[in-house]
Amino acid sequence: MNIKITLLPGDGIGPEITETAVRLIRLIAERYNLIVDYSMQPVGGASIDEFGEPLTEQVLKECYDANAVLLGAVGGEKWENMEHHRKPEAGLLKLRKSLGLYANIRPAKIFPAFVDASSLKAEVLTGTDFVVLRELTGGIYFGEPRGYDDSQGWNTMSYTKEEVDRIVNMAFAMAKERSGKLTSVDKANVLEVSQFWRSRVNEIQNKYPDVALQHMYVDNAAMQIVRDPTQFDVIVTSNMFGDILSDIAGMITGSLGMLPSASLGDQYALYEPVHGSAPDIAGKDMANPIAMLSSVAMMFNHSFQMTQAAEIIEEAIERSLEQGYRTQDIYSEGKELVSLSKMSDIILHNVEKL
Ligand code: IPM
Ligand code: MN
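Residues numbered from 1 in each chain as written. Chains lettered and ligands numbered in written order. Predicted model: local features only at pLDDT ≥ 70, side-chain atom pairs only at ≥ 80, totals over all residues. Heavy atoms only, no water.

1. Let's talk about the overall build of the chain
Alright, step 1. Each helix and strand in the chain was counted, giving twelve helices and 14 strands.
Alright, step 2. Over its C-alpha atoms the chain spans a radius of gyration of 20 Å, differing by no more than 12% from the 20 Å that the globule rule assigns to 354 residues.
Alright, step 3. With the principal axes as the frame, the chain shows a C-alpha extent of 50 × 50 × 40 Å.
Alright, step 4. Of all intrachain contacts in the chain linking residues separated by at least 6 positions in sequence, the fraction that spans at least 24 positions is 76%.
Alright, step 5. Charge centroids of the chain, computed over 32 positive and 49 negative side chains, lie 3 Å from each other. (Helix = DSSP H or I, 4+ residues; strand = E, 2+ residues; numbered from the N terminus. Rg over C-alpha atoms; globule rule 2.2 N^0.38 Å. Contact = heavy atoms within 4.5 Å. Lys, Arg positive; Asp, Glu negative; His and termini not counted. Charge placed at Lys NZ, Arg CZ, Asp CG, Glu CD.)

2. Thoughts on the sheet that holds strand β8 (residues 181–186)
Alright, step 1. One open sheet holds the ten strands; their spatial order is β2-β1-β3-β12-β11-β4-β5-β10-β8-β9, and the pairing between them is mixed. Sheet topology places β2 (35–40) and β9 (212–217) at the edges, where each strand pairs with a single neighbour. Going across the sheet, the axis of each strand differs from the next one's by a mean of 20°, ignoring polarity.
Alright, step 2. Pairing between strand β4 (residues 103–109) and strand β5 (residues 129–135): seven bridges, direction antiparallel. Each residue of the ladder has a partner; that of Asn 104, found in β5, is Arg 134.
Alright, step 3. Strand contacts of helix α1 (residues 14–31): β1 (2–10), β2, β3 (68–73) and β12 (269–273), with the helix running at about 165° to β1, the strand carrying the most contacts.
Alright, step 4. Its contacts with the sheet place helix α8 (residues 218–227) against β5, β8, β9 and β10 (234–237), and it is angled at close to 105° to β9. (Pairing = 2+ DSSP bridges. Axes fitted to C-alpha atoms, helices over the stretch in contact; angles between N-to-C directions.)

3. Points about the packing of aromatic side chains
Alright, step 1. What the rule picks out here adds up to six aromatic pairs.
Alright, step 2. Judged by centre distance (6.2 Å) and plane angle (75°), the ring pair of Phe 111 and Phe 114 falls under edge-to-face.
Alright, step 3. When its relative accessible area of 1% is taken as the criterion, Phe 114 is described as buried.
Alright, step 4. Across from the ring centre of Phe 142, 4.7 Å away, lies the NZ or CZ of Lys 97, which sits over that ring.
Alright, step 5. Taking NZ or CZ as reference, Arg 134 lies 5.3 Å from the ring centre of Tyr 141, over its face. (Phe/Tyr/Trp six-rings, centres within 6.5 Å; stacked < 30°, edge-to-face > 60°. Buried < 20%, exposed > 50% of the residue type's maximum accessible area, 1.4 Å probe, protein only. Lys NZ or Arg CZ within 6 Å of the ring centre and 35° of its normal.)

4. Some points on the pattern of salt bridges
Alright, step 1. All chains considered together, the criterion is met by 14 salt bridges.
Alright, step 2. The residue Glu 57 makes a salt bridge to Lys 94 at a minimum N-O spacing of 3.3 Å. Highlighted residues: Glu 57 in helix α3 (residues 57–64) and Lys 94 in helix α4 (residues 88–98), separated in sequence by 37 residues.
Alright, step 3. Given a relative accessible area of 30%, Lys 94 falls into the partly exposed group.
Alright, step 4. Ionic contacts of the salt-bridge type, sharing partners, join the residues Asp 129, Arg 178 and Asp 233 into one network. (Salt bridge = Lys/Arg side-chain N within 4 Å of Asp/Glu carboxyl O.)

5. Thoughts on α3
Alright, step 1. Regarding α3, the residues found buried are Val 59, Leu 60, Glu 62 and Cys 63. Seen end-on, α3 carries its buried residues on one side only, within an arc spanning 155°.
Alright, step 2. Summarising the contacts, the buried residues of α3 are in contact with β1, β2, β3 and α4. (Arc of directions from axis to C-beta.)

6. Comments concerning the domain arrangement of the chain
Alright, step 1. Domain boundaries in the chain define domain 1 (1–102 + 265–354) and domain 2 (105–256).
Alright, step 2. When each unit is reduced to the centre of its C-alpha atoms, the spacing between domain 1 and domain 2 is 24 Å.
Alright, step 3. Of all residues in domain 1, Arg 96, Tyr 102 and Val 274 give up the largest surface area on contact with domain 2, accounting jointly for 39% of the area buried on that side.
Alright, step 4. The interface formed by domain 1 and domain 2 contains zero salt bridges.
Alright, step 5. The interface formed by domain 1 and domain 2 holds two residue pairs in polar contact (both at pLDDT 80 or more) in total.
Alright, step 6. Those elements that place two or more of their residues in the side of domain 1 that touches domain 2 are α4, α10 (290–304) and α11 (307–322).
Alright, step 7. Here the side of domain 1 that touches domain 2 is built from residues that sort into nine nonpolar, five polar and five charged. (Domains from an automatic or database assignment. Buried area = accessible area lost by both parts, 1.4 Å probe. Polar contact = N/O pair within 3.5 Å; in protein donor to acceptor, adjacent residues only side chain to side chain. Nonpolar A, V, L, I, M, F, W, Y, C, P; charged D, E, K, R; others polar.)

7. Remarks on unusual backbone geometry
Alright, step 1. Cis geometry is found at the peptide bond from Glu 144 to Pro 145, where omega equals 0°.
Alright, step 2. Look at Asp 285: it is not a glycine, yet its phi comes out positive at around 60°.
Alright, step 3. Inspection of the secondary structure puts Asp 285 in the loop between β12 and α10.
Alright, step 4. Its identity as a non-glycine residue notwithstanding, Gln 305 has a phi of 50°, on the positive side.
Alright, step 5. Relative accessible area serves as the criterion here: at 59%, Gln 305 is assigned to the exposed category.

And the structure:
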(Lines give C-alpha, C1' and ligand atoms only; values in the text may rest on other atoms or scores of the structure.)
(Ligands and ions follow the chains in the order given, each with its own letter.)
Protein backbone atom coordinates (compact mmCIF):
# COMPACT_ATOMS: atom_id res chain seq x y z
CA MET A 1 0.00 0.00 0.00
CA ASN A 2 1.22 3.49 -0.84
CA ILE A 3 0.19 6.26 1.50
CA LYS A 4 0.91 9.93 1.88
CA ILE A 5 1.08 11.56 5.29
CA THR A 6 1.33 15.29 5.74
CA LEU A 7 3.16 16.22 8.92
CA LEU A 8 2.45 19.54 10.61
CA PRO A 9 4.85 19.70 13.58
CA GLY A 10 3.81 23.24 14.55
CA ASP A 11 5.19 24.96 17.62
CA GLY A 12 6.73 24.31 21.04
CA ILE A 13 7.18 20.58 21.63
CA GLY A 14 5.38 19.87 18.34
CA PRO A 15 8.54 19.25 16.27
CA GLU A 16 10.21 16.89 18.75
CA ILE A 17 7.14 14.72 19.26
CA THR A 18 6.49 14.67 15.51
CA GLU A 19 10.00 13.34 15.00
CA THR A 20 9.16 10.44 17.29
CA ALA A 21 5.94 9.85 15.39
CA VAL A 22 7.89 9.56 12.14
CA ARG A 23 10.19 6.98 13.68
CA LEU A 24 7.15 4.98 14.71
CA ILE A 25 5.49 5.26 11.32
CA ARG A 26 8.72 4.06 9.65
CA LEU A 27 8.80 1.04 11.90
CA ILE A 28 5.20 0.12 11.18
CA ALA A 29 5.68 0.80 7.46
CA GLU A 30 8.57 -1.62 7.33
CA ARG A 31 6.62 -4.31 9.08
CA TYR A 32 3.49 -4.01 6.95
CA ASN A 33 5.17 -3.16 3.65
CA LEU A 34 3.78 0.32 3.40
CA ILE A 35 5.40 2.86 1.16
CA VAL A 36 5.00 6.19 2.89
CA ASP A 37 5.42 9.55 1.28
CA TYR A 38 5.93 12.29 3.89
CA SER A 39 5.36 15.97 3.46
CA MET A 40 6.54 18.14 6.35
CA GLN A 41 4.87 21.57 6.44
CA PRO A 42 4.74 24.58 8.77
CA VAL A 43 1.56 25.50 10.64
CA GLY A 44 0.70 27.88 13.47
CA GLY A 45 3.46 30.10 14.80
CA ALA A 46 6.06 28.37 12.62
CA SER A 47 4.06 29.40 9.56
CA ILE A 48 3.48 32.93 10.86
CA ASP A 49 7.25 33.37 11.23
CA GLU A 50 7.88 32.16 7.72
CA PHE A 51 4.87 33.42 5.75
CA GLY A 52 3.04 35.89 8.00
CA GLU A 53 -0.03 33.69 8.31
CA PRO A 54 -0.77 30.54 10.34
CA LEU A 55 -1.87 28.31 7.44
CA THR A 56 -0.97 28.93 3.81
CA GLU A 57 -2.86 27.72 0.76
CA GLN A 58 0.17 25.67 -0.23
CA VAL A 59 0.14 23.78 3.07
CA LEU A 60 -3.59 23.28 2.83
CA LYS A 61 -3.03 21.75 -0.60
CA GLU A 62 -0.49 19.32 0.89
CA CYS A 63 -3.22 18.30 3.37
CA TYR A 64 -5.82 17.79 0.62
CA ASP A 65 -3.29 15.55 -1.16
CA ALA A 66 -2.61 13.37 1.88
CA ASN A 67 -4.34 10.24 3.17
CA ALA A 68 -3.87 11.53 6.70
CA VAL A 69 -2.56 14.62 8.45
CA LEU A 70 -0.59 14.44 11.68
CA LEU A 71 -0.31 17.61 13.73
CA GLY A 72 1.97 18.30 16.70
CA ALA A 73 0.70 21.43 18.46
CA VAL A 74 0.28 25.11 17.74
CA GLY A 75 0.60 28.28 19.75
CA GLY A 76 2.93 30.13 22.07
CA GLU A 77 3.39 33.44 23.84
CA LYS A 78 5.29 34.93 20.94
CA TRP A 79 2.16 35.04 18.78
CA GLU A 80 -0.41 35.78 21.47
CA ASN A 81 -0.82 39.45 20.62
CA MET A 82 -1.40 38.95 16.94
CA GLU A 83 -4.70 39.96 15.37
CA HIS A 84 -7.40 37.38 15.88
CA HIS A 85 -7.30 35.85 12.40
CA ARG A 86 -3.50 35.68 12.34
CA LYS A 87 -3.04 33.76 15.58
CA PRO A 88 -1.72 30.17 15.45
CA GLU A 89 -5.12 28.98 16.69
CA ALA A 90 -6.78 30.54 13.65
CA GLY A 91 -4.64 28.24 11.49
CA LEU A 92 -5.95 25.21 13.29
CA LEU A 93 -9.56 26.37 12.95
CA LYS A 94 -9.07 27.05 9.24
CA LEU A 95 -7.55 23.61 8.80
CA ARG A 96 -10.49 21.91 10.50
CA LYS A 97 -13.01 23.88 8.49
CA SER A 98 -11.25 23.51 5.14
CA LEU A 99 -10.79 19.75 5.51
CA GLY A 100 -14.38 19.37 6.73
CA LEU A 101 -13.28 17.68 9.95
CA TYR A 102 -16.61 17.84 11.72
CA ALA A 103 -16.06 15.01 14.19
CA ASN A 104 -13.47 15.22 16.92
CA ILE A 105 -12.89 12.03 18.88
CA ARG A 106 -11.18 12.38 22.23
CA PRO A 107 -10.97 9.22 24.29
CA ALA A 108 -10.74 9.50 28.06
CA LYS A 109 -9.35 6.23 29.18
CA ILE A 110 -7.57 5.54 32.40
CA PHE A 111 -4.37 3.53 32.25
CA PRO A 112 -4.26 1.30 35.35
CA ALA A 113 -0.70 2.53 36.01
CA PHE A 114 -2.02 6.06 36.43
CA VAL A 115 -4.92 5.75 38.76
CA ASP A 116 -2.82 7.41 41.44
CA ALA A 117 -1.67 10.30 39.27
CA SER A 118 -5.18 11.69 38.83
CA SER A 119 -6.64 14.50 40.88
CA LEU A 120 -9.58 12.17 41.52
CA LYS A 121 -9.63 9.35 44.04
CA ALA A 122 -8.73 5.92 42.69
CA GLU A 123 -12.12 4.47 43.62
CA VAL A 124 -13.93 7.17 41.62
CA LEU A 125 -11.69 6.74 38.63
CA THR A 126 -11.11 3.03 38.23
CA GLY A 127 -12.83 1.69 35.15
CA THR A 128 -13.17 5.06 33.40
CA ASP A 129 -13.30 4.57 29.64
CA PHE A 130 -15.35 6.96 27.59
CA VAL A 131 -15.14 9.04 24.44
CA VAL A 132 -16.04 12.67 23.89
CA LEU A 133 -17.33 13.15 20.37
CA ARG A 134 -17.16 16.88 19.74
CA GLU A 135 -18.71 18.66 16.78
CA LEU A 136 -15.79 20.55 15.31
CA THR A 137 -16.73 22.75 12.36
CA GLY A 138 -19.91 24.48 13.51
CA GLY A 139 -21.54 26.14 16.49
CA ILE A 140 -20.28 29.28 18.17
CA TYR A 141 -16.72 28.82 16.87
CA PHE A 142 -17.83 29.58 13.33
CA GLY A 143 -21.26 31.23 13.60
CA GLU A 144 -21.96 34.58 11.93
CA PRO A 145 -22.41 37.38 12.75
CA ARG A 146 -19.42 37.77 15.01
CA GLY A 147 -17.30 40.69 16.06
CA TYR A 148 -16.76 43.43 18.59
CA ASP A 149 -16.66 47.20 18.71
CA ASP A 150 -16.13 49.74 21.47
CA SER A 151 -19.39 49.01 23.21
CA GLN A 152 -20.11 45.31 22.65
CA GLY A 153 -18.89 41.95 21.46
CA TRP A 154 -20.97 39.20 19.89
CA ASN A 155 -20.91 35.66 18.53
CA THR A 156 -23.56 33.40 17.12
CA MET A 157 -24.27 29.84 18.09
CA SER A 158 -26.19 28.11 15.36
CA TYR A 159 -26.46 24.60 13.96
CA THR A 160 -28.05 23.33 10.79
CA LYS A 161 -29.88 20.05 10.54
CA GLU A 162 -27.09 18.58 8.39
CA GLU A 163 -24.41 19.58 10.88
CA VAL A 164 -26.23 18.01 13.82
CA ASP A 165 -27.34 14.91 11.97
CA ARG A 166 -23.93 13.80 10.72
CA ILE A 167 -22.21 14.04 14.10
CA VAL A 168 -25.16 12.50 15.96
CA ASN A 169 -25.37 9.61 13.51
CA MET A 170 -21.69 8.96 14.07
CA ALA A 171 -22.26 9.08 17.82
CA PHE A 172 -25.05 6.50 17.71
CA ALA A 173 -22.95 4.23 15.49
CA MET A 174 -20.02 4.56 17.88
CA ALA A 175 -22.18 3.88 20.93
CA LYS A 176 -23.59 0.80 19.22
CA GLU A 177 -20.04 -0.50 18.63
CA ARG A 178 -19.07 0.17 22.23
CA SER A 179 -21.39 -0.44 25.18
CA GLY A 180 -24.62 0.84 23.65
CA LYS A 181 -24.89 3.97 25.78
CA LEU A 182 -24.99 7.53 24.46
CA THR A 183 -25.14 10.83 26.34
CA SER A 184 -26.01 13.94 24.36
CA VAL A 185 -24.90 17.10 26.14
CA ASP A 186 -26.59 20.47 25.56
CA LYS A 187 -28.06 23.50 27.29
CA ALA A 188 -31.65 23.01 26.16
CA ASN A 189 -33.04 24.63 29.31
CA VAL A 190 -31.71 27.97 28.04
CA LEU A 191 -30.66 27.85 24.38
CA GLU A 192 -32.91 27.36 21.36
CA VAL A 193 -29.97 26.00 19.39
CA SER A 194 -29.77 23.24 22.01
CA GLN A 195 -33.50 22.56 21.79
CA PHE A 196 -33.01 22.05 18.08
CA TRP A 197 -29.99 19.82 18.70
CA ARG A 198 -32.02 17.76 21.16
CA SER A 199 -34.95 17.35 18.78
CA ARG A 200 -32.59 16.04 16.07
CA VAL A 201 -31.01 13.58 18.52
CA ASN A 202 -34.46 12.27 19.48
CA GLU A 203 -35.41 11.89 15.86
CA ILE A 204 -32.22 10.01 14.95
CA GLN A 205 -32.62 7.73 17.94
CA ASN A 206 -35.45 5.98 16.08
CA LYS A 207 -32.82 4.46 13.80
CA TYR A 208 -30.88 3.04 16.74
CA PRO A 209 -33.42 1.39 19.06
CA ASP A 210 -30.72 -0.67 20.77
CA VAL A 211 -28.73 2.36 21.95
CA ALA A 212 -29.71 3.75 25.35
CA LEU A 213 -29.85 7.53 25.04
CA GLN A 214 -29.80 10.15 27.74
CA HIS A 215 -29.74 13.95 27.46
CA MET A 216 -27.73 15.95 29.94
CA TYR A 217 -27.26 19.68 30.48
CA VAL A 218 -23.66 20.74 30.07
CA ASP A 219 -23.24 22.10 33.60
CA ASN A 220 -24.49 18.84 35.04
CA ALA A 221 -22.26 16.88 32.64
CA ALA A 222 -19.20 18.78 33.88
CA MET A 223 -20.14 17.84 37.42
CA GLN A 224 -20.95 14.21 36.57
CA ILE A 225 -17.61 13.66 34.80
CA VAL A 226 -15.82 14.56 38.01
CA ARG A 227 -18.33 12.84 40.32
CA ASP A 228 -18.56 9.50 38.52
CA PRO A 229 -16.75 9.26 35.19
CA THR A 230 -17.47 5.55 34.84
CA GLN A 231 -21.13 6.28 34.06
CA PHE A 232 -20.21 7.52 30.56
CA ASP A 233 -19.47 5.67 27.36
CA VAL A 234 -19.99 8.02 24.41
CA ILE A 235 -20.67 11.72 24.95
CA VAL A 236 -21.74 13.72 21.91
CA THR A 237 -21.86 17.48 22.06
CA SER A 238 -21.41 20.78 20.24
CA ASN A 239 -18.12 22.51 19.50
CA MET A 240 -17.63 24.71 22.54
CA PHE A 241 -19.18 22.37 25.11
CA GLY A 242 -16.95 19.63 23.72
CA ASP A 243 -13.89 21.85 23.99
CA ILE A 244 -14.53 22.33 27.69
CA LEU A 245 -15.67 18.83 28.57
CA SER A 246 -12.78 17.17 26.75
CA ASP A 247 -10.30 19.15 28.86
CA ILE A 248 -12.01 17.99 32.04
CA ALA A 249 -12.08 14.45 30.69
CA GLY A 250 -8.40 14.71 29.79
CA MET A 251 -7.38 15.97 33.19
CA ILE A 252 -9.03 13.27 35.24
CA THR A 253 -7.09 10.55 33.42
CA GLY A 254 -3.95 11.73 35.18
CA SER A 255 -2.05 13.31 32.34
CA LEU A 256 -2.97 15.29 29.31
CA GLY A 257 0.33 14.07 27.87
CA MET A 258 -1.25 10.67 27.27
CA LEU A 259 -4.31 11.51 25.23
CA PRO A 260 -4.64 11.28 21.46
CA SER A 261 -7.36 12.67 19.25
CA ALA A 262 -8.75 12.18 15.79
CA SER A 263 -10.64 14.74 13.76
CA LEU A 264 -12.59 13.14 10.97
CA GLY A 265 -14.64 14.30 8.03
CA ASP A 266 -16.11 12.56 5.04
CA GLN A 267 -12.90 12.87 3.04
CA TYR A 268 -10.04 13.86 5.31
CA ALA A 269 -8.63 13.02 8.70
CA LEU A 270 -6.29 14.75 11.09
CA TYR A 271 -4.65 13.28 14.18
CA GLU A 272 -3.14 15.24 17.02
CA PRO A 273 -2.38 14.97 20.72
CA VAL A 274 -4.92 16.64 23.01
CA HIS A 275 -2.18 18.53 24.85
CA GLY A 276 -0.82 21.85 23.62
CA SER A 277 2.58 23.13 22.58
CA ALA A 278 4.04 23.30 26.13
CA PRO A 279 6.54 26.10 25.34
CA ASP A 280 8.10 25.88 28.81
CA ILE A 281 9.64 22.48 28.05
CA ALA A 282 10.09 22.86 24.28
CA GLY A 283 13.46 21.76 22.91
CA LYS A 284 14.47 20.24 26.25
CA ASP A 285 13.84 16.61 25.34
CA MET A 286 11.37 16.36 28.21
CA ALA A 287 7.96 16.05 26.56
CA ASN A 288 5.78 12.99 26.82
CA PRO A 289 5.53 11.31 23.40
CA ILE A 290 2.63 9.04 24.36
CA ALA A 291 -0.27 11.24 23.19
CA MET A 292 1.43 11.65 19.83
CA LEU A 293 2.29 7.96 19.41
CA SER A 294 -1.21 7.06 20.44
CA SER A 295 -2.50 9.51 17.81
CA VAL A 296 -0.45 7.57 15.27
CA ALA A 297 -2.23 4.42 16.46
CA MET A 298 -5.57 6.14 15.88
CA MET A 299 -4.38 7.09 12.42
CA PHE A 300 -3.54 3.51 11.45
CA ASN A 301 -6.85 2.39 12.85
CA HIS A 302 -9.21 4.98 11.33
CA SER A 303 -7.44 6.04 8.14
CA PHE A 304 -5.83 2.78 7.08
CA GLN A 305 -7.98 0.11 8.79
CA MET A 306 -4.77 -1.35 10.25
CA THR A 307 -6.27 -2.40 13.55
CA GLN A 308 -3.46 -4.79 14.38
CA ALA A 309 -0.80 -2.10 13.96
CA ALA A 310 -2.85 0.20 16.17
CA GLU A 311 -3.16 -2.48 18.84
CA ILE A 312 0.57 -3.15 18.77
CA ILE A 313 1.31 0.53 19.36
CA GLU A 314 -1.19 0.77 22.23
CA GLU A 315 0.19 -2.41 23.76
CA ALA A 316 3.78 -1.18 23.46
CA ILE A 317 2.84 2.05 25.24
CA GLU A 318 1.15 0.17 28.08
CA ARG A 319 4.07 -2.19 28.37
CA SER A 320 6.55 0.68 28.64
CA LEU A 321 4.48 2.17 31.43
CA GLU A 322 4.26 -1.16 33.19
CA GLN A 323 8.04 -1.44 32.96
CA GLY A 324 8.12 1.71 35.09
CA TYR A 325 9.34 4.34 32.62
CA ARG A 326 7.95 7.86 33.05
CA THR A 327 8.51 11.25 31.49
CA GLN A 328 8.49 14.15 33.97
CA ASP A 329 4.80 15.01 33.59
CA ILE A 330 3.73 11.56 34.78
CA TYR A 331 6.63 10.83 37.11
CA SER A 332 5.97 9.43 40.55
CA GLU A 333 8.29 8.06 43.18
CA GLY A 334 9.81 4.67 42.54
CA LYS A 335 9.52 5.03 38.78
CA GLU A 336 12.33 5.67 36.32
CA LEU A 337 12.40 9.24 35.06
CA VAL A 338 13.32 9.35 31.37
CA SER A 339 13.64 11.91 28.60
CA LEU A 340 11.45 12.17 25.55
CA SER A 341 14.02 10.40 23.40
CA LYS A 342 14.55 7.61 25.93
CA MET A 343 10.81 7.09 26.34
CA SER A 344 10.46 6.97 22.57
CA ASP A 345 13.30 4.43 22.25
CA ILE A 346 11.63 2.22 24.84
CA ILE A 347 8.21 2.35 23.20
CA LEU A 348 9.66 1.70 19.75
CA HIS A 349 11.69 -1.18 21.10
CA ASN A 350 8.51 -2.66 22.57
CA VAL A 351 6.77 -2.24 19.24
CA GLU A 352 9.58 -4.20 17.60
CA LYS A 353 9.20 -7.02 20.10
CA LEU A 354 5.42 -7.35 19.73
C1 IPM B 1 -8.61 22.39 21.24
C2 IPM B 1 -8.04 23.78 21.41
C3 IPM B 1 -8.54 24.61 20.25
C4 IPM B 1 -10.05 24.68 20.34
C5 IPM B 1 -7.94 26.02 20.18
C6 IPM B 1 -6.44 25.99 20.21
C7 IPM B 1 -8.46 26.77 18.99
O8 IPM B 1 -8.40 24.30 22.64
O9 IPM B 1 -8.27 21.74 20.23
O10 IPM B 1 -9.34 21.92 22.10
O11 IPM B 1 -10.61 25.49 21.09
O12 IPM B 1 -10.68 23.90 19.63
MN1 MN C 1 -9.47 22.89 23.94
